[in-house]
Amino acid sequence: SRLNLRCAEADAKAIYKVMTDSDCGMFPKENVQLLLNSDATKDGIWRALSSLRKSAGENDTVWVYYAGHAAPEESHVYWVTHDSDVDDLYGTGLGNDNICKVFEDLRSKQLLVLLDCCHAAATSAQKNPTRSVLTADKVFSQFTGHGRITMSASDGQEKSIELGDKGHGAFTYYLQKGLRGAADADGDGVVTADELWSYLRSKVSDASRKAGNTQTPVLSGEMSH
């Protein structure tokens, strides 16, 4: 309960709507799995990733979106799932190493990973916080590769803010607006990864600065158009 977030459920639902919107993400609903609250356990997320690994083909585009907490323990980073114990992430969290292995095994050439998660808040809630300093390169470098992009709400040391008046995390609020067309800088009806990143970086940094919490989105990966 000490790590409950006000907007994570609304964030996940918003991205699900974007993905399954026939005028926007254009993913068939049967191809998109939404895990909320008690369904977003370590086992539930792992099974969903395993299913994706089996079903996604070489020419498919894969999106993975996560809203919640992540935290370091020793030299590793873990997604803090619904049933995780923040003081025993090795035993109860979902490790970046394991997630990365699934992504490596995907046959798909195009993978977009979207992470609206805060490492700082979960770390401060630990009874015995780790002393290792994890920079953005260490946190996100595992997800890199040609045609594979990760966009994250903040680096490993910053908090990711929730905008109470918007009902969403700042990153997700502007992510879904950008994907729905606000990021289409040249007005051609297509939002490219470059356009989305430029829009997110500007909007999230500005909103967090006004809220008194510096937050710098992070991009990693290699892309070509």
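Residues numbered from 1 in each chain as written. Predicted model: local features only at pLDDT ≥ 70, side-chain atom pairs only at ≥ 80, totals over all residues. Heavy atoms only, no water.

Enquirer: Looking at this structure, how should I read the layout of surface pockets?
Expert: Empty space among the atoms becomes visible once a probe the size of a water molecule is rolled across them. If you add up the space inside the largest pocket, you get close to 1400 Å³. Along its surface, the largest pocket is lined by 47 residues, and Leu35, Ala40, Ile45, Tyr65 and Tyr66 are the ones closest to its centre. Secondary structure elements with two or more residues in the lining of the largest pocket: helix H1 (8-20), helix H2 (42-55), strand S1 (61-73) and strand S2 (76-80). Considering every element that reaches the lining of the largest pocket, the biggest residue donor is S1, with nine residues. Residue classes in the lining of the largest pocket are distributed as 28 nonpolar, 13 polar and six charged. (1 Å grid on protein atoms, 1.4 Å probe; cavity = no way out; pocket = protein on both sides within 12 Å on 5 of 7 lines; lining within 4 Å. Points joined across faces, edges and corners; volume = space filled by probe spheres on them. Helix = DSSP H or I, 4+ residues; strand = E, 2+ residues; numbered from the N terminus. Nonpolar A, V, L, I, M, F, W, Y, C, P; charged D, E, K, R; others polar.)

Enquirer: I keep staring at the nonpolar core and nothing clicks. Help me out?
Expert: Soluble globular proteins: nonpolar side chains tend toward being buried together. One finds Tyr65, Met151, Phe171, Tyr174, Leu175, Leu196 and Leu200 to be the most contacted residues of the largest nonpolar core, which totals 31 residues. Aside from chain neighbours lying at most four places away, what touches Phe171 is Leu115, Asp116, Met151, Ser152, Ala153, Leu200, Val204 and Gln215. One finds Val62, Ala70, Ile99 and Phe103 within the second-largest nonpolar core, a separate group that totals 19 residues. (Core = buried A, V, L, I, M, F, W, Y, C linked by side-chain atoms within 4.5 Å. Buried < 20%, exposed > 50% of the residue type's maximum accessible area, 1.4 Å probe, protein only. Contact = heavy atoms within 4.5 Å.)

Enquirer: I keep staring at the side chain of Thr20 and nothing clicks. Help me out?
Expert: Mapped onto the secondary structure, Thr20 falls in helix H1. Among the residues examined, Thr20 registers a relative accessible area of 15% and is labelled buried. Ignoring anything within four residues of it in the chain, the contact list for Thr20 reads Phe27, Lys29 and Val32.

Enquirer: Teacher, can you tell me more about empty space enclosed by the protein here?
Expert: Across all of its chains, the model carries two cavities of 30 Å³ or more by this definition. Size it by volume and the largest cavity reaches roughly 100 Å³. As for the largest cavity, its lining consists of twelve residues, and the residues nearest its centre are Leu5, Gly68, Asp116, Ser160 and Glu162. For the lining of the largest cavity, the secondary-structure elements that each account for two or more residues are H1, S1 and strand S4 (110-118). Among the elements that make up the lining of the largest cavity, the one with the highest residue count is S4 (three residues). Grouping the amino acids of the lining of the largest cavity by side-chain chemistry returns six nonpolar, three polar and three charged.

Enquirer: Before we go on, may I ask you to explain the packing of aromatic side chains in this structure?
Expert: Aromatic ring pairs are described here by two measures, namely the spacing of the ring centres and the angle between the planes. As enumerated under the stated definition, the model contains four aromatic pairs in all. With a centroid separation of 4.3 Å and an interplanar angle of 15°, the aromatic rings of Tyr66 and Trp79 are classed as stacked. Remark: Trp79 occurs in strand S2 and Tyr66 occurs in strand S1; sequence separation between them is 13 residues. Residues Tyr66 and Trp79 agree in their burial class; the two are buried. An angle of 80° between the planes, with centres 4.9 Å apart, marks the rings of Tyr173 and Tyr174 as edge-to-face. On the basis of relative accessibility, which here comes to 14%, the residue Tyr174 falls in the buried class. Ring pairing ties together the aromatic residues Tyr173, Tyr174 and Tyr199, which thus form one cluster. (Phe/Tyr/Trp six-rings, centres within 6.5 Å; stacked < 30°, edge-to-face > 60°.)

Enquirer: Whenever I open this one, the pairing of S4 confuses me. Can you help?
Expert: On a regular strand, one side chain projects to one face of the sheet and the next to the other, so that they alternate. Among the nine residues of S4, eight are classified as buried, and the element is accordingly described as predominantly covered. Of the pairings in the sheet, the one linking S4 to strand S5 (residues 148-152) comprises five bridges and is parallel in character. Within S5, the residue paired with Leu112 across the bridge is Ile149. (Pairing = 2+ DSSP bridges.)

Enquirer: I'm lost on the pattern of salt bridges in this one. Help?
Expert: Side chains carrying opposite charge are able to pair once their charged atoms draw close together. By the definition in use, this model includes eight salt bridges. For Asp21, the salt bridge identified is with Arg180, shortest N-O distance 2.7 Å. Of this pair, Asp21 sits in the loop between H1 and H2 while Arg180 sits in helix H7 (residues 170-182), and the two are 159 residues apart along the sequence. Here Asp105 and Arg53 are joined by a salt bridge, their closest N and O atoms 3.4 Å apart. Taken together, the residues Asp105 in helix H4 (residues 96-105) and Arg53 in helix H2 connect sequence positions 52 residues apart. Here the salt bridges do not stand alone but share partners, grouping Arg53, Lys101 and Asp105 into one network. (Salt bridge = Lys/Arg side-chain N within 4 Å of Asp/Glu carboxyl O.)

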